[in-house]
Amino acid sequence: MVKKFSIEFKQQSVDYALSNAHLSISELANHLGVGKSTLNGLGNFPRIKLAVES
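Residues numbered from 1 in each chain as written. Predicted model: local features only at pLDDT ≥ 70, side-chain atom pairs only at ≥ 80, totals over all residues. Heavy atoms only, no water.

Before going further, it helps to spend a moment on the confidence of the model for the protein. Taken residue by residue, the protein gives an average pLDDT of 76. The fraction at 70 or more is 76%. At the level of individual helices and strands, the protein shows its lowest average pLDDT in helix 4 (residues 47–53), which scores 47, and its highest in helix 2 (residues 25–32), which scores 90. Note that residues 50–54 has pLDDT below 50 and, in this model, 9 contacts with residues that lie over four places away or in other chains. (pLDDT = per-residue confidence, 0-100. Helix = DSSP H or I, 4+ residues; strand = E, 2+ residues; numbered from the N terminus. Contact = heavy atoms within 4.5 Å.)

This paragraph deals with helix 1 (residues 7–19). Spanning 13 residues, helix 1 covers 18 Å between terminal C-alpha atoms, matching the ideal 18 Å at 1.5 Å per step. Within the sequence span of helix 1, burial applies to Ser13, Val14 and Ala17. Down the axis of helix 1, the sector holding all buried residues measures 95 degrees, keeping them to one side. Exposed residues lying more than 90 degrees from the buried face of helix 1 are Ile7, Glu8, Gln12 and Ser19. (Expected span 1.5 Å × (residues − 1). Buried < 20%, exposed > 50% of the residue type's maximum accessible area, 1.4 Å probe, protein only. Arc of directions from axis to C-beta.)

Further remarks concern helix 2. Residues that lie three or four places apart on an α-helix share one face, since the helix turns once every 3.6 residues. Burial in helix 2 covers these residues: Ile25, Leu28, Ala29 and Leu32. All buried residues of helix 2 fall inside an arc of 95 degrees around its axis, so they share one side. With respect to the buried face of helix 2, the exposed residues turned more than 90 degrees away are Asn30 and His31. Just downstream of helix 2 lies glycine 33, where phi reads positive at about 75 degrees.

So, in C-alpha cells, the structure goes:
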C-alpha cells in the first residue's frame, strides 16, 4: 500500500531535516514518524546532500 503525503508535510519534513542536519536519518525519520526510506524519498536527498546544504 502506498501512502501519500501532502505537499506541506513533504516541505516541512525536508525543512526540518535540513535545519537538523546533525541528526542521523534514523533520528530524523523517528521524529517525523516515517521510515528511513520514506524520509529519503520525501526530499529525494541523500545524507551527503544534507551536509552540503547546511
